Structures are given as C-alpha cells and as structure tokens.
Amino acid sequence: MASASQIAEKAERDDIRSRWLLSALALLIVLLAAVGPLLIVVVYSFLTPGNYGDVKWQFSTDAWVGVLFERDVFDDTLSIAGAHLSILWRSASLSVLTTILTVIFGFPTAYFIATRPEHRREIWLFLITIPFWTNLLIRTFAMQEVLRNDGIINSALQLLRVTDHPVQFLYTNVAVLLGMVYVFLPLMVLPLYASMEKIDFRLVEAGYDLYATRFQVLRHIIIPLVTPGIVAGSILVFIPSLGAYVTPRVLGGGTNLMIGNLIELQFGQGRNWPLGAALSIALMAIVMVALLVYVRNTSRPNGGHG
Amino acid sequence: MAEHFDVRRQTGFATVAMLCFLLLYLPIGTLVVYAFNDNDSLAIWKGFSLRWFHVAWNNTLVIESSIRSFQIATVAAALAAISATMAAIATTRTKPYPGLTFKYAFINQPLMVPEIVTAVALLIVFSRIKIWTGYSGLGYLMAAHTAFCVPFAYLPIRARLESMDLSLETAASDLYATGWQTFRYVTLPLLWPGILAGLMLAFVVSLDDVVITEFIKSGGQDTLPTYMLGQLRRTVTPEVNAISTVFLALSIGIVTAFFFISRKRT
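Everything numeric here is computed off the predicted structure, so don't read it as measured data. Numbers given for residues are sequential positions, taken from 1 along each chain in its written order. Chain labels run from A onward and ligand labels from 1 onward, assigned in the order the entries are written. pLDDT decides what is reported in this predicted model: residues at 70 or higher carry local features, side-chain atom pairs at 80 or more are listed and counted, and totals for whole chains, interfaces and linings draw on all residues regardless.

Draft legend 1. Molecular detail of the overall build of chain B. The way it works is that DSSP assigns letters per residue, a run of H or I at least four long becomes a helix, a run of E at least two long becomes a strand, and they are numbered from the N terminus. Regarding its fold elements, chain B presents twelve helices and zero strands. Traced from its N-terminal end to its C-terminal end, chain B shows the element sequence α-α-α-α-α-α-α-α-α-α-α-α. Relative to the globule expectation of 18 Å for 266 residues, the C-alpha radius of gyration of chain B, 23 Å, shows a markedly less compact shape. Taken over the C-alpha atoms alone, chain B extends approximately 80 × 70 × 30 Å along its principal axes. As a reference, a globule follows 2.2 Å times the number of residues to the power 0.38, and the radius of gyration itself is taken over C-alpha atoms.

Printed below as a string of structure tokens:
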C-alpha cells in the first residue's frame, strides 16, 4: 500500500508534468520564432559571405574581425575600420545621452504624477501611456514634421526673430537624439513612477524637521529611495536606443547611421550576411551585459525592486 | 510657520512635467491637424479638407496593406493569448518547481533582445525555409508576430491570475467538478479581463511592428507600417498624415478600452 507521503509525492510530480504540458505551446512558439533563430545567427557569423547575399558554408572569422577592422585590398594589412567605429561611437553616445535626457525630463514628470491626489494619478498616467502605445513609426514621423525646415519649431524660431533662415535640424545627430528622447520618454516615466508611488513621505517630513532644504531632501532622501526605478528606466531606455533602427533611418537620413542601420546595410546593399550576423551578436552581448548589471543591482538585499 | 508647507513639493518639477506633457502631445497634435490640410504639401495650411482621407481610402495599396496588418494581428494576438493563458496558468499559484524561472525567462526573452537582432535572425532562418519549401505566404509574418506578442499577452494574464486566490477553484473541485469544468466555469470567467487585456496588447503590438516585418516580408507583403516607412523616403503628402490619424485613433481606442478593463480590477 502506498503511504500518504508517496501519494503526495506522486500528486506533486503529476502537477509539475501537467504544468510543463500547459506551457509547452508558448515555449515552442518562442523557441521556433525567437530563441532558436538567434542561435543560427551565431553560426552565420562564422561563415563566408555568398556572392549575392546569403552565405557559403565555409568557416571563417573574417566577419568578427570586420566588426572593428578592415583589410587592405592590396597588401592584406589590417587597419581600424573608421566608418564602423564612428557608427558604434554614435550609437553608444546617442544612447547614453538619450538615457540621461529622459532621466532629466522623466524624473520631475514621474514625481509630479506620484504626488497628485490618488484619484487624479490615473489620468496623468493614462496621458503617459497613450504615446507609449502609439505606433513608434507614427511618433517618429510626427517628430520629422516638427523638425522640418518649414516645420513649427523653425517657424516659431523665425517668428521670435531668433534666426532669419531655417535651422537644419533634420538629418543631424540632434534630430536623432530628440527623436529618441521623444519616443522613449514614457519608458522612463513608468518605472520611475512605480518606485515613487511607494515613497514614504514621513521620511521626507523627518528630513524637513531636521532643517533640510528642499534640495537636500531631494538629494539625500528621495533620489536614494527611487534609485531602483532610475536603474530600471535607464535599462528600458538604453536597450531600445542602442538597437534603434526606425528613428535614425527617418530622422538621421542616410548619413547618421546607428548600429541597427549598419546591420541592415549588411543584409541589403552590403551583401555581407556574416558581418551583419556578427554585428547583431555584438549588439546583443552589450544588451546582455546591461541586463546583468540591472539584475545584480536589483537583487542586492537593499536594492528593492523597480 | 503660518502658511501651509507642502512636504511633497519640489521647486520647478510641476513646470518640467507640464512641459513634458506638452512636448509629448505637440508633434502628434501637429500631425493630426495637418491631415486635414487642403494643400499638396505639408508646409502651408490652406484650409480644412477631408480630401487626403479620400485619397488614402481610394489607394488600393493602403487598403491592401491595412487588411494584411489586420489579418496578421488577429492571428498573432489570438495564438499569443491562447498559449500565454496556458503558460500563465502553468507558472502561477504554485510553490517554486524546477524549471519555473527558466520558463519565465524564456517566455519573456523576446522583450530582452533588440528588435533588429530578432529581425536578422528570422530573416536568415525564413529565407532558408522559403528556398526549401517554396512557401512564401503570410505564415512567416504570422509566426514571427505571434512569438513577440507572447510576452505582451502573458504579463497581464499572469498579473490577473496572481491576484486570484485558489479557494473558488478548490471549492469547485470539492463539489466534484472535473478539471475542465473548474477551468470553464470558475477560472475562465474570473480570468477573462486579464485575457482580454493580453489580447488587446498583443494586437496593438503586432499592428505597430515595423522592424521585424520590414526584414522578413516577401515582395508585395507590405503591412501598413512598412508601407508608410516606404512612403517616408519620397516627398511626403498629407496622405501619410491622414493614414497616421486613422491609425492613431484606432490605437488610442484600443488602449482606452484596455485602460478601463484593467481599472475595473482594482
């Protein structure tokens, strides 16, 4: 006869098995159309480019060398690939600047929402969520119209007599930066709000009781309390900025490329799929490092959760 | 101190917040206003007119790509919501078991990889499969969209499940309901708002996708966003504004519905 503990054990095993069966469909979909193909990208980054796109099944590390170096056609020497380096540098610096600017604008906005009376917060949050769920392409296109030479910013500048001829915003790094701040700002505000909502304002009162100024309260009480939110928001903004494709394509024209556009180029005109694959894996590696930093930051005993 | 001292106030924060809200809505607002412009170019306002909406409506490419977008989004959202519901039931309201964290990470994986990388990966795999099988229909786009919609459907369903305690389901099985009856008459009605929310999020996310679709579509398979991206390369007429305005109204409608559905929960 089976003892009670054996029966319980069997029930638990059955439960776990049926839980695997239930999740199988979702896992299979993600495996076939997301995770699996990523592994094949790794394989492709070690092959030789085919003549008309695609690859030849011949092992080669040229693609990985090509991420940072270029081979001289005549004497086969390697030199730093200046074009790639400047694109990588632009991607990194624009993404960092985007993150910083979204913190500067997003922090007061999230704080403003979190300090509204409870029944009004939802409406303000809703106003942040709407642009978040609006098509990214449409928002980028809207930004393009605003920044045009005959767009409303230039019209306003001329009306205010700041300048007599239009300032060229479009197809510059500034346009790409403004566009990314614009499209990614909600991604910063939402996690910031989530951690600000939990602030215990008795701590702030205690600060004022001890004669702290408003700035000191902000610096030594509020900011430390919402650090997890700042980190979460920064990760959420930094990752899509680094991989941005639509925004630099629409606002940067053909000249202000970022990694995303460089990758696309390898699969289009460049006809160098292995190089495109290597660049993709490199991009993903940077993102994974950023995520690891985030996980370590939030799993610290005092880190809380953003 | 005689006057009221508000501990929550921070100097200048409200001003920056108002500026942010203004800047978030100014470009979208301009875009919508100029959709009604009675002029061939975007620059000069010539008076109110609906003619660009007529132009867009009579443009077969716009209508065809819209229908295609809807077909893909419907299939992807439905498949994602079904598989996400099953996965959410399998990963909540249980003590930790081996593989639970793995499942959670795996299902959310599409959220963590930059879209361009997934796009490249799918381009490589699907172009092989196209050569092997000769099939080049919408199936590829539907499969890709389903995969990146799964986490968006999963998150609200999971959140809803976690707020439901097991007592009603236990009561049902105490009254000799079968597993299916318990699910059909107890779990599903309670979970429904979560599923609906997941379905709508997945639908909007699929409808909005540009990058992955742009990479893996075959010739003549433009969706509305990729069609618009192509148009932005040329001289833009207010027709693009008109299409965007309709698109915007639709997304805002869905998100507003989502807002009210998830609000009822609390």
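Here the narrative resumes.
Draft legend 2. Summary view of the overall build of chain A. For chain A, the helix and strand inventory stands at twelve helices and four strands. A principal-axis box enclosing the C-alpha atoms of chain A has dimensions of 90 × 75 × 35 Å. For chain A, buried positions account for 43% of its 306 residues. A fraction of 67% describes how many contacts in chain A between residues 6 or more apart in sequence connect residues 24 or more apart. With C-beta atoms placed from the backbone, the exposure class of a residue follows from how many other C-beta atoms lie within 10 Å of its own: 20 or more, buried; 12 or fewer, exposed; in between, partly exposed. Residues are scored as being in contact if the C-beta atoms we place from backbone atoms lie within 7 Å.

Draft legend 3. Structural detail: the interface of chain B and chain A. At the junction of the two partners, chain B supplies 68 residues and chain A supplies 67 residues. Per-element accounting of the side of chain B that touches chain A gives the leading share, 13 residues, to helix α1 (residues 13–35) of chain B. The nonpolar class holds Ala, Val, Leu, Ile, Met, Phe, Trp, Tyr, Cys and Pro. Asp, Glu, Lys and Arg form the charged class, and all remaining residues, Gly among them, are polar. By residue class, the composition of the side of chain B that touches chain A is 53 nonpolar, eleven polar and four charged.

Draft legend 4. Spatial organisation of the environment of Gly50 of chain A. Residues and elements named next belong to chain A. With respect to the helices and strands, the residue Gly50 is situated in the loop between β1 (48–49) and β2 (55–56). Overall, the presence of 15 C-beta atoms within 10 Å leaves Gly50 in the partly exposed class. Between the C-alpha atom of Gly50 and that of Thr255, which follows or precedes it by 205 residues, the distance is 27 Å. In this structure Gly50 touches Val55 and Lys56, once residues within four positions along its chain are discounted.

Draft legend 5. Representation of the domain arrangement of chain A in the model. All names here are of chain A. Domain delimitation in this document rests on an assignment produced automatically or drawn from a domain database. Domain boundaries assigned for chain A yield domain 1 (4–79) and domain 2 (88–298). Facing the 15 residues of domain 1 at the interface are eleven residues of domain 2. Mapped onto the side of domain 1 that touches domain 2, the elements with two or more residues apiece are α1 (4–44), β1 and α2 (62–68). For the side of domain 1 that touches domain 2, the element with the most residues is α2, which contributes four residues.

Draft legend 6. Inspection of helix α7 (residues 139–162) of chain B at higher detail. Multiplying 1.5 Å by the helix residue count minus one yields the expected span of that helix. The terminal C-alpha atoms of α7 of chain B lie 34 Å apart, and with 24 residues this matches the ideal 34 Å at 1.5 Å per residue to within 8%. Most of α7 of chain B is tucked away: 18 of the 24 residues are buried.

Draft legend 7. The arrangement of the nonpolar core in detail. Core analysis: the largest hydrophobic core is formed by 154 residues, its most contacted members being Val120, Leu122, Val150, Ala153 and Ala202 of chain B. In terms of residue count, the dominant contributor to this core is helix α7 (residues 173–196) of chain A (17 residues). Summarising the domain contributions, this core has at least three residues from each of domain 1 (4–79) and domain 2 (88–298) of chain A. Those residues within four positions of Ala153 of chain B in sequence are excluded, and the remaining contacts are Ala80, Ala81, Ala84, Gly198, Leu199, Leu201 and Ala202 of chain B. Take the buried Ala, Val, Leu, Ile, Met, Phe, Trp, Tyr and Cys residues, join any whose C-beta atoms are within 7 Å, and the set you get is a nonpolar core.

Draft legend 8. Structural detail: helix α6 (residues 115–133) of chain B. Residue and element names in this part refer to chain B. Helix length check: α6, at 19 residues, gives a terminal C-alpha distance of 26 Å against a target of 27 Å (1.5 Å per residue), a fit within 8%. Three or more residues of α6 are buried, namely Glu115, Ile116, Val117, Thr118, Ala119, Val120, Ala121, Leu122, Leu123, Ile124, Val125 and Phe126. Downstream of α6 by a residue or two, Gly134 has a phi angle that is positive, lying close to 80 degrees.

Draft legend 9. Representation of unusual backbone geometry. If you check the backbone angles, Arg161 of chain A has positive phi at about 60 degrees while not being a glycine. One can find Arg161 of chain A in the loop between α6 (152–159) and α7. One non-glycine residue, Tyr176 of chain B, lies in the positive phi region at around 65 degrees. Tracing the chain through its elements places Tyr176 of chain B in the loop between α8 (167–174) and α9 (179–208). Exposure remark for Tyr176 of chain B: the 7 C-beta atoms within 10 Å place this residue in the exposed category.

Draft legend 10. Up close: the confidence of the model for chain B. When the pLDDT values of chain B are averaged, the result is 89; 97% of them are 70 or greater. Each residue carries a pLDDT value, the predictor's own confidence for that position, ranging from 0 to 100. When mean pLDDT is compared element by element in chain B, helix α3 (residues 60–91) of chain B scores highest at 95, while helix α12 (residues 238–264) of chain B scores lowest at 85.

Draft legend 11. The arrangement of the environment of Gln58 of chain A in detail. All names here are of chain A. One can find Gln58 in the loop between β2 and α2. A C-alpha to C-alpha distance of 40 Å links Gln58 and Thr98, two positions 40 residues apart in sequence. In this view, Gln58 contacts Leu47 and Thr48; residues no more than four positions away in its chain are not counted.

Draft legend 12. Representation of the confidence of the model for chain A. Across chain A, pLDDT averages 88, with 96% of residues at or above 70. Under a pLDDT of 50 for its full length, residues 302–306 of chain A has, in the predicted model, 14 contacts with residues more than four places off or in other chains.

Draft legend 13. Representation of the packing of helix α3 (residues 82–114) of chain A against α1 of chain B. Where helices are involved, their axes are fitted lines through C-alpha atoms of the stretch in contact, as for all axes, and angles between N-to-C directions lie from 0 to 180°. Closest axis-to-axis distance for the α3 of chain A/α1 of chain B pair is 8 Å, and the angle between their directions is 105 degrees. Considering the angle they form, α3 of chain A stands roughly perpendicular to α1 of chain B. Taken together, the residues of α1 of chain B that come into contact with α3 of chain A (itself represented by Phe105, Pro108, Thr109, Tyr111 and Phe112 of chain A) are Phe13, Ala14, Val16, Ala17 and Cys20 of chain B. Taken together, the residues of the contact of α3 of chain A with α1 of chain B sort by class into nine nonpolar, one polar and no charged. Here the angle decides the label: under 35 degrees means roughly parallel, over 145 means roughly antiparallel, 65 to 115 means roughly perpendicular, and every other value means oblique.

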